[in-house]
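Survey of secondary and tertiary structure
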Amino acid sequence: TPAATLAVTHPRPDRAVYSLLAGRHRFFRWVFGVYAVALLLATHWPRLTVPGAAAGSDKVVHFGAFFGWTLLAIAAGLFRPPLSRRSIHLTAIIASAYASIDEALQLIPDLERQFSVWDWFANLGGVGVAYALAMILITPRSGDDDNPA
């Protein structure tokens, strides 16, 4: 049937995700660790500025930074079983808390940084979109009874 042919020639996204990440959680934990440290340094380095950045463009950077943080944390499988709904939910909760704490720490006077509620919303937006994408990618499709999600 045409539907069966389509399923064979175009693998379901959830299968592709499992295939990509299978057995690679240690690698993604390492990558996540490096990324998390780099993000922590970048967001707390005193008086850090990006020369030539357009006004408001930092919101895109905030969104992208926490989108990446969340996806890498999900790929790292920090909670068991990796790529389960439970793991993704917990990772999103931790990512939201970290994104909030990260922005709140901008209030420390010695950092000479500036807290912005819009930056915080951008952080949470990145977490939310990464969470939604992960949930979509692991959602079983019809006829996919052996999917571990």
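First, a word on scope: everything that follows refers to the structure included in this document. (Residues numbered from 1 in each chain as written. Predicted model: local features only at pLDDT ≥ 70, side-chain atom pairs only at ≥ 80, totals over all residues. Heavy atoms only, no water.)

Thoughts on the overall build of the protein
Note the following rule: Only runs of H or I of at least four residues qualify as helices and only runs of E of at least two qualify as strands under DSSP, and these elements are numbered from the N terminus. Remark: exposure states derive from per-residue accessible area (1.4 Å probe, protein chains only) relative to the maximum for the residue type, with buried under 20%, exposed over 50%, and partly exposed in between. Residues count as neighbours in contact if any of their non-hydrogen atoms are within 4.5 Å of one another. Areas reported as accessible are Shrake-Rupley estimates using a 1.4 Å probe. Residue values count occlusion only from the protein chains shown.
Of the regular secondary structure elements, the protein holds six helices and zero strands. Each helix and strand of the protein, placed in order from N terminus to C terminus, yields the pattern α-α-α-α-α-α. For the protein, buried positions account for 32% of its 149 residues. Within the protein, contacts between residues at least 6 apart in sequence are counted, and of these 80% link residues at least 24 apart. If you sum the accessible surface of the protein, you get close to 9,000 Å²; carbon and sulfur atoms cover 72% of it.

Regarding the environment of Gly64
Take Gly64: it is sitting in helix H4 (residues 58-76). A sequence separation of 63 residues divides Gly64 from Val127, and the C-alpha atoms of the two residues are 9.0 Å apart.

Some words on the packing of H4 against helix H6 (residues 117-138)
This is how the line gets drawn: Axes here refer to lines fitted to C-alpha atoms; in helices the fit is confined to the stretch in contact. Angles between the N-to-C directions go from 0 to 180 degrees. Crossing chirality is assigned from the near helix's rotation relative to the far helix, an anticlockwise turn below a right angle marking it left-handed and a clockwise turn marking it right-handed. Gly is put with the polar residues, along with every residue not named as nonpolar or charged; the nonpolar set is Ala, Val, Leu, Ile, Met, Phe, Trp, Tyr, Cys and Pro, and the charged set is Asp, Glu, Lys and Arg.
The geometry of H4 relative to H6 is characterised by a closest axis approach of 7 Å and an angle of 40 degrees between their N-to-C directions. When you trace H4 past H6, the crossing you get is right-handed. Between H4, through Asp58, Lys59, His62, Phe63, Phe66, Phe67, Thr70, Leu71 and Ile74, and H6, the contact on the second element is made entirely by Trp118, Asp119, Ala122, Asn123, Gly125, Gly126, Val127, Val129, Ala130, Tyr131, Leu133 and Ala134. Residues belonging to the contact of H4 with H6 are distributed by class as follows: 13 nonpolar, five polar and three charged.

Concerning the packing of aromatic side chains
Note the cut-off: Two rings belonging to Phe, Tyr or Trp (six-membered ring only in the last case) form a pair when the distance between their centres is within 6.5 Å. Interplanar angles under 30 degrees mark stacking, angles over 60 mark edge-to-face geometry, and anything in between is tilted.
All told, the structure shown has seven aromatic pairs when counted by the stated rule. Here the aromatic rings of Phe27 and Phe28 are separated by 5.3 Å at their centres, their planes lie at 75 degrees, and the arrangement is edge-to-face. The class for Phe28 is buried, based on a relative accessible area of 15%. Grouping aromatic residues by their ring pairs yields a cluster made of Phe32, Phe66, Trp69 and Tyr98.

Brief notes about helix H3 (residues 25-44)
Applicable threshold: By this rule, a helix spans an expected 1.5 Å times one less than how many residues it contains. Arc definition: directions from the helix axis to the C-beta atoms.
Between its terminal C-alpha atoms H3 stretches 28 Å, which fits the 28 Å expected from 20 residues at 1.5 Å a residue. Inspection of H3 places His25, Phe28, Phe32, Ala36, Leu39, Thr43 and His44 among the buried residues, and these make up the whole buried set. Angularly, the buried residues of H3 cover 105 degrees about the axis, an arc narrow enough to put them on a single face. Residues of H3 that are exposed and angled more than 90 degrees away from the buried face: Arg26 and Trp30.

Some thoughts on H6
As a reminder of what qualifies: Here a polar contact is taken to be a pair of N or O atoms separated by no more than 3.5 Å, where protein atoms must pair a possible hydrogen donor with a possible acceptor and residues adjacent in sequence count only if both atoms sit in side chains.
The first and last C-alpha atoms of H6 sit 32 Å apart over 22 residues, in line with the 32 Å expected at 1.5 Å per residue. The complete set of buried residues in H6 reads Asp119, Ala122, Asn123, Gly126, Val127, Ala130, Ala134, Met135 and Ile138. Put simply, Ser116 is the residue that caps the front of H6, since its side-chain oxygen is 3.2 Å from the backbone nitrogen of Trp118.

These results come straight from atomic positions and should not be treated as a statement about function.
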